[in-house]
Amino acid sequence: MSVPRRPPALLAAPLLVLVLLLTGCASDAAPAKAPVGAPGLGAAGPESDAASVRRASPSPEPTPSHAGIPGLGPETLAQVPAEARQVFVVTGEETDSHQSGAVLYSREDAAESWQPILGPWPAHNGMEGWTDHHVAGDLRSPTGVYPLTDAGGRLPDPGALLPYDEHPRFAVDGEGFFGEPLEGSFDYVVAINYNRTAGVSPLDRTRPLGLGRGGGIWVHVDHGGPTQGCVSVPEEHMEELLRTLDPAMNPVIVMGDAATLGR
């Protein structure tokens, strides 16, 4: 994993950068929480919170065009947009677990079956597990289905198909929940469109649902421990993901614990 250096921009405005970079991935509007660079925290994108896509009740039956992804029940499948042809499925072991697995599925059109094209990969999620109603500071990852439209990182573009924002403000340091170093966690990120505006850098702090609902939920480089709300996968897999997610295929992430995704 790359070891980031403090960029000049951070030296010029250290307090601003701490607020901008290190309050997400589990909580954005949690003034009582220490910044992510402090000891004992998971890496955090600029804010965090859950479930902008809510599950319908009663659950609609899935259409044949949405069937075929293992582990996803009818209620979850019904949330996958018809135009989505790439689905990144992140499945947590238990509701309160921070251990997950990730697989990217793809198909060329609705008449074809979904095929796994990347994974399975080990992954981490929020320290306290998952929630259907994420709020800032709860240390849980939001369950649901969210578009993936924007990427970025501290390192140069590895060949991403999504718009990629290379910026020194993706640098992060400090320790995670288990004392693991956070350096390099944001070398590559993909913004998860929970409580954010699509089409802008992952660093953008616009929060349509309000700061209390968190934000800054990303897929980012794994640092060997749970996050504050993001999803993390090993660095080499982040590079693969960035080179594969194609905006022309309207990629989405489907994320949550196994029981919830099986609804």
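Residues numbered from 1 in each chain as written. Predicted model: local features only at pLDDT ≥ 70, side-chain atom pairs only at ≥ 80, totals over all residues. Heavy atoms only, no water.

Attention now goes to the overall build of the protein. Looking only at helices and strands, the protein features 5 helices and 12 strands. For the protein, with 263 residues in total, the buried portion stands at 54%. Taking as baseline every contact in the protein between residues at least 6 positions apart, the subset at least 24 positions apart corresponds to 69%. Total accessible area computed for the protein in this model is approximately 10,000 Å², and 57% of it derives from carbon and sulfur atoms. (Helix = DSSP H or I, 4+ residues; strand = E, 2+ residues; numbered from the N terminus. Buried < 20%, exposed > 50% of the residue type's maximum accessible area, 1.4 Å probe, protein only. Contact = heavy atoms within 4.5 Å. Areas by Shrake-Rupley, 256 points an atom, 1.4 Å probe, with all protein chains shown as cover.)

As a further point, take the pairing of strand β12 (residues 252-257). β12 sits mainly inside the fold: 6 of its 6 residues count as buried. In this structure, strand β1 (residues 86-92) lies alongside β12, joined through 6 bridges in parallel fashion. The residue bridging Val87 from the neighbouring strand is Val252, located in β12. Sheet analysis places strand β6 (residues 144-147) next to β12, joined by 4 bridges and oriented antiparallel. Across the sheet, residue Val145 finds its bridge partner in β12, namely Val254. (Pairing = 2+ DSSP bridges.)

Of note, Gly179 is situated in the loop between β8 (164-166) and β9 (189-191). For Gly179, a relative accessible area of 36% gives the class partly exposed. Sequence-wise, Gly179 and Gly225 are 46 residues apart; in three dimensions their C-alpha atoms are separated by 8.7 Å.

What follows deals with the confidence of the model for the protein. Chain-level pLDDT for the protein is 83 on average; 75% of the residues reach the 70-or-more range. Within the model, pLDDT remains below 50 along residues 1-23, and this stretch shows 60 contacts once partners closer than five positions in the same chain are excluded. Across residues 26-39 the pLDDT falls below 50, and counting only partners more than four positions away or on other chains, this stretch makes 55 contacts in the model. (pLDDT = per-residue confidence, 0-100.)

Taken as a whole, this structure holds 5 salt bridges when the rule is applied. Close ionic contact of Arg263 with Asp132 constitutes a salt bridge, the shortest N to O distance being 3.0 Å. Of the two residues, Arg263 is situated in the segment after α5 (258-261) and Asp132 in the loop between β4 (130-131) and β5 (141-142); the sequence distance between them amounts to 131 residues. Arg243 serves as the salt-bridge partner of Glu239, at 3.6 Å between the closest nitrogen and oxygen. Taken together, the residues span about one helical turn, with Glu239 and Arg243 both in helix α4 (residues 235-244) at a distance of 4 residues. (Salt bridge = Lys/Arg side-chain N within 4 Å of Asp/Glu carboxyl O.)

Taken as a class, soluble globular proteins show a tendency for nonpolar side chains to be buried jointly. Judged by nonpolar contacts, the single largest core of 30 residues is most densely connected at Phe88, Val190 and Ile253. Not counting chain neighbours up to four residues away, the residues in contact with Phe88 comprise Ala102, Val103, Leu104, Trp121, Leu148, Val219, Leu241, Val252, Ile253 and Val254. Core analysis: the next-biggest nonpolar cluster, separate from the first, contains 14 residues, Leu77, Trp114, Val145 and Val254 among them. (Core = buried A, V, L, I, M, F, W, Y, C linked by side-chain atoms within 4.5 Å.)

Under the defined criterion, the tally for this structure stands at 4 aromatic pairs. With a centroid separation of 6.0 Å and 85° between ring planes, the pair formed by Tyr146 and Tyr194 is classed as edge-to-face. Separated by 48 residues along the polypeptide, Tyr146 in strand β6 and Tyr194 in the loop between β9 and β10 (218-221) bring together distant segments of the chain. Accessibility classification places Tyr146 together with Tyr194 in one group, the buried group. Seen in terms of ring centroids, Phe186 and Trp218 are 4.9 Å apart; in terms of plane orientation they differ by 80°. Their pairing is edge-to-face. Within this pair, whereas Phe186 is found in the loop between β8 and β9, its partner Trp218 is found in strand β10, the two being separated by 32 residues in sequence. For Phe186, a relative accessible area of 0% corresponds to the buried category. Here the aromatic cluster, defined as three or more aromatic residues joined through ring pairs, consists of Phe170, Phe186 and Trp218. (Phe/Tyr/Trp six-rings, centres within 6.5 Å; stacked < 30°, edge-to-face > 60°.)

With an omega dihedral of 10°, the bond running from Gly119 to Pro120 counts as a cis peptide bond. Along the chain, the position of Pro120 falls in strand β3 (residues 115-124). At Asn195, a position not held by glycine, the phi torsion is positive, near 50°. Inspection of the secondary structure puts Asn195 in the loop between β9 and β10. Residue class for Asn195 comes out buried when judged on its relative accessible area of 2%. Even without being a glycine, Asn250 presents a positive backbone phi close to 50°. You can see Asn250 is positioned in the loop between α4 and β12.

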